[in-house]
Structures are given as structure tokens and as C-alpha cells.
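# Understanding the architecture of this molecule
So the chains spell out like this:
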Amino acid sequence: MSTHNQGTELDLSWISKIQVNHPAVLRRAEQIQARRPVKKEWQAAWLLKAVTFIDLTTLSGDDTSSNIQRLCYKAKYPIREDLLKALNMHDKGITTAAVCVYPARVCDAVKALKAVGCNIPVASVATGFPAGQTHLKTRLEEIRLAVEDGATEIDIVINRTLVLTGQWEALYGEIRQFRKACGEAHLKTILATGELGSLTNVYKASMIAMMAGSDFIKTSTGKETVNATFPVAIVMLRAIRDFFWKTGNKIGFKPAGGIRSAKDSLAWLSLVKEELGDEWLKPELFRIGASTLLSDIERQIYHHVTGRYAAYHDLPMS
């Protein structure tokens, strides 16, 4: 990944002027969803690209070291070797972008990736995920422990209360402390947009997170009732663009939660390409948080190569 976002001074005059044009955002979101997807080999190529943006995730109460092992193996070998050979892509080193786990499972993930000879990053959720309602001291300690265990990316959750009550200085202050606690690890800030009340709040929270030093802004924990949606993404992507124009800093974007189909992933790629340009279509600046998406992408690639749909046993470990 590229160097860190060092953040900027808190500029509340910028925040106070913000007003999002809700109908215009919804119209743009409809356009994206109405778009006809690419076909055949173009689709296969875009789907393989999508694989390289996935933060392959497991955040379940019943996670064990053996399912973390399986996840890490899948991250290293996301698509069956014979399918990649048929597409002449077997020697391109296609892996997922990272694996994402709970803090207590970071050691397992680091060990498992080492065992399969894979140096992709381990991302850990932290700061009282998913609600963000634990004491600040506890949240900071959780980041430090995850980094100590080998996480090189930390997906923090913000305290939504601070957004809903307009306490922008306090939000900025907390994220600054999270940035510091991360040390050399990258800071990905989850806004939990389904709980922020309005698109204007989504824009403001995005901007504060970037000013405070986030390397990525992420839509959702995947545990809210509403997760990644196109209207929210458009607002966040435009905040990223505005921040870039103002500071010259490129901040990454990560939609997460509810992205399950190969077709969905293509819509997300085209949205980022259109709103921010090709330079954002790389793992340093774009990730997709997903647990089941990879299975569907592999099924679609299987269909592209063989002309038939895979039976359950054709694609084990998905």
C-alpha cells in the first residue's frame, strides 16, 4: 500500500457549508443500476480484476483457527488453477487484496498466510466493532493489540452518536487517536452509513474521517440493517474527489456488506471508474469487503470457461 494519509487540520467552515442534493444522487444511482454489464471475455477479465480488490472476510462468532486457515488458503488461491489456465491467467499471481478478521483471530491469519507463502495483508476490525460503543481507552487498546499481533490494516468503526449529534471536533479527535494507535498499519474508517441519518451526514463524516488521517473510508460493518448502497457510495466518492482536489491526497474507498453477486461487483467497479477514474482501480485505493462474493465470481468464471454452471462439488471451499 502507498504511504499514509497524514491528515489535515480540522476545517469546520468546509463542513458547515455542505448540503447534498438528494434527488440528483438518487438519479445517478439509478443510472448505475440500469447499466448493461459487459459480456464474455470482457466480463471474465473484469471479474478477475474484482477478485484482486476483495478483502476476504469472516466476522462470525463461531470463527475458529481452522476456518481462518481455509479463508487464507482461499485468499491465496481464489480461483481454481485449471480455470485460470484456460484464461491464460495462471501465472499472474491473482490473490485477494487482504483477509479481514476479528482481532482475536489475527495471529491465526498471519500464521496461515505464512504457511501458504502468501504476503497479502491481514486486516482486523477494531474499536468495539460493530457498534463502536465501548470506552475510548478500550478501543485504542484493541487497535494496538491487533497491530502487535501482525495486522497491517485496521478497519475501525466510528462512534455514530458523534455524527448524529454534530460533534465533529470530538469525531475528528477520536479518529486522530485511532490513526496514532495504528502506527505503521493502514487506517480504514467504517462510517456505518446506514446509521448516520442523512446523505449530508455521510458526506460530513467522510470528510472528517479523511481530515483526521484515514487511508480508506468504508461504507458499513456488514452488520447494520442497511449496508453498502449506491447513493451512499456516490456521496462518499465525491467527498474523496473533493478532498483530493483540496489537498492532493488520494483516499481509498471500500464498500462492504451485502455485495454478493459477480454482477454487483462489476457495478461497483464501474462506479469507481466513472466517479474517480482508472487510477483508483487498484487495491491501494479500492477494496470490496465480502465473504460470499468470491464464490459467485468463481462460479461465473467456471461458466465462462466450460459453458455450464458449476455443481456444488465442482468448486469446493467456496
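Labelled according to an unreviewed UniProt entry, the chain appears under the name Deoxyribose-phosphate aldolase, originating from Microcebus murinus. Listed under Subunit (unreviewed entry) in UniProt, the entry text for the chain is "Interacts with YBX1." Taken from UniProt, the Function (unreviewed entry) comment for the chain reads in full: "Catalyzes a reversible aldol reaction between acetaldehyde and D-glyceraldehyde 3-phosphate to generate 2-deoxy-D-ribose 5-phosphate. Participates in stress granule (SG) assembly. May allow ATP production from extracellular deoxyinosine in conditions of energy deprivation."

### Considering the overall build of the chain
A tally of helices and strands in the chain yields 13 helices and eight strands. If one aligns the C-alpha atoms of the chain with their principal axes, the spans along those axes are about 55 × 45 × 35 Å. Out of the 318 residues belonging to the chain, those deemed buried represent 53%. Taking the intrachain contacts of the chain between residues at least 6 apart in sequence as the baseline, contacts between residues at least 24 apart amount to 79%. With an accessible surface of roughly 14,300 Å², the chain has 51% of that area assigned to carbon and sulfur atoms. In the chain, which carries 40 positive and 33 negative side-chain charges, the distance between the mean positions of the two groups comes to 3 Å.

### With respect to the nonpolar core
The biggest cluster of nonpolar side chains holds 98 residues, and the ones touching the most others in it are Val99 and Ile297. At ten residues, helix H11 (residues 230-247) tops the list of elements feeding residues into this core. The residues touching Ile297, leaving out its near neighbours within four places in the chain, are Leu47, Ala50, Val51, Ile54, Ile79, Ala262 and Ser265. If you look at the next biggest cluster of nonpolar residues, it comprises seven residues, including Leu59, Ala123, Val157 and Ile190.

### With respect to the pattern of salt bridges
Pairing between side chains of opposite charge can happen when their charged atoms approach one another. By the definition in use, this model includes 27 salt bridges. Put simply, Lys218 and Asp155 hold a salt bridge, and the shortest N to O gap is 2.9 Å. Taken as a pair, Lys218 in strand E6 (residues 216-218) and Asp155 in strand E4 (residues 153-157) lie far apart in primary sequence, 63 residues in all. The same class applies to Lys218 as to Asp155, namely buried. The residue Asp215 makes a salt bridge to Arg179 at a minimum N-O spacing of 2.9 Å. Taken together, the residues Asp215 in the loop between helix H10 (199-211) and E6 and Arg179 in helix H9 (residues 168-182) connect sequence positions 36 residues apart. Each member of the pair, Asp215 as well as Arg179, carries the same accessibility label: buried. Overlapping salt bridges bring together Asp55, Glu153, Asp155, Lys188, Lys218, Lys254 and Arg287 as one network.

### Side note on the environment of Gly213
For Gly213, the position within the fold is in the loop between H10 and E6. Between the C-alpha atom of Gly213 and that of Leu187, which follows or precedes it by 26 residues, the distance is 7.8 Å. Every residue in contact with Gly213, bar those within four places of it in the chain, is listed here: Asn5, Gln6, Gly7, Arg176, Arg179 and Leu187.

### Digging into the state of the cysteines
Applying the stated criterion across every chain yields a total of zero disulfides. The structure places no disulfide on Cys72, whose sulfur is separated from the nearest cysteine sulfur, that of Cys118, by 8.1 Å. With no disulfide of its own, Cys100 has Cys72 as its nearest cysteine by sulfur position, at a separation of 11 Å. Exposure remark for Cys100: the relative accessible area of 1% places this residue in the buried category.

### Here we look at the side chain of Thr219
Of note, Thr219 is situated in the loop between E6 and H11. On the basis of relative accessible area, Thr219 is assigned to the buried category, the value being 0%. Here the side chain of Thr219 touches Ala256 through a polar contact of 3.0 Å, landing on its backbone nitrogen. When sequence neighbours within four positions are dropped, the list of residues in contact with Thr219 reads Ile190, Leu191, Ala192, Thr193, Ala228, Val232, Met236, Phe253, Lys254, Pro255 and Ala256.

### Observations concerning the sheet that holds strand E1 (residues 54-57)
Strand order in the open sheet made by the eight strands is E7-E6-E5-E4-E3-E2-E1-E8, with parallel pairing throughout. Edge positions in the open sheet fall to strand E7 (252-254) and strand E8 (288-290), since each of these has one partner strand only. This sheet shows a mean twist of 25° between the axes of neighbouring strands, independent of strand direction. The sheet contact formed by E1 and strand E2 (residues 98-101) spans three bridges and is parallel.

### So, the packing of aromatic side chains
The tally for this structure, following the rule as stated, stands at seven aromatic pairs. With centroids separated by 5.9 Å and ring planes inclined at 75°, the aromatic side chains of Tyr102 and Phe129 adopt a geometry described as edge-to-face. Pair noted here: Tyr102 is in the loop between E2 and helix H6 (106-115) and Phe129 is in the loop between strand E3 (122-126) and helix H7 (136-148), with a separation of 27 residues, a long-range link. The class of Tyr102 is partly exposed, set by a relative accessible area of 24%. An aromatic cluster is present here, built from Phe53, Phe230, Phe253, Trp268 and Phe286 joined pairwise through their rings. Here the basic side chain of Lys246 rests over the ring of Trp14, its NZ or CZ set 4.5 Å away from the ring centre. We note Lys250 situated over the ring of Trp280; from NZ or CZ to the ring centre the distance is 5.8 Å.

Criteria and thresholds
Residues numbered from 1 in each chain as written. Predicted model: local features only at pLDDT ≥ 70, side-chain atom pairs only at ≥ 80, totals over all residues. Heavy atoms only, no water. UniProt positions renumbered as here; feature names shortened; annotations may be inferred. Helix = DSSP H or I, 4+ residues; strand = E, 2+ residues; numbered from the N terminus. Buried < 20%, exposed > 50% of the residue type's maximum accessible area, 1.4 Å probe, protein only. Contact = heavy atoms within 4.5 Å. Areas by Shrake-Rupley, 256 points an atom, 1.4 Å probe, with all protein chains shown as cover. Lys, Arg positive; Asp, Glu negative; His and termini not counted. Charge placed at Lys NZ, Arg CZ, Asp CG, Glu CD. Core = buried A, V, L, I, M, F, W, Y, C linked by side-chain atoms within 4.5 Å. Salt bridge = Lys/Arg side-chain N within 4 Å of Asp/Glu carboxyl O. Disulfide = S-S within 2.5 Å. Polar contact = N/O pair within 3.5 Å; in protein donor to acceptor, adjacent residues only side chain to side chain. Pairing = 2+ DSSP bridges. Axes fitted to C-alpha atoms, helices over the stretch in contact; angles between N-to-C directions. Phe/Tyr/Trp six-rings, centres within 6.5 Å; stacked < 30°, edge-to-face > 60°. Lys NZ or Arg CZ within 6 Å of the ring centre and 35° of its normal.

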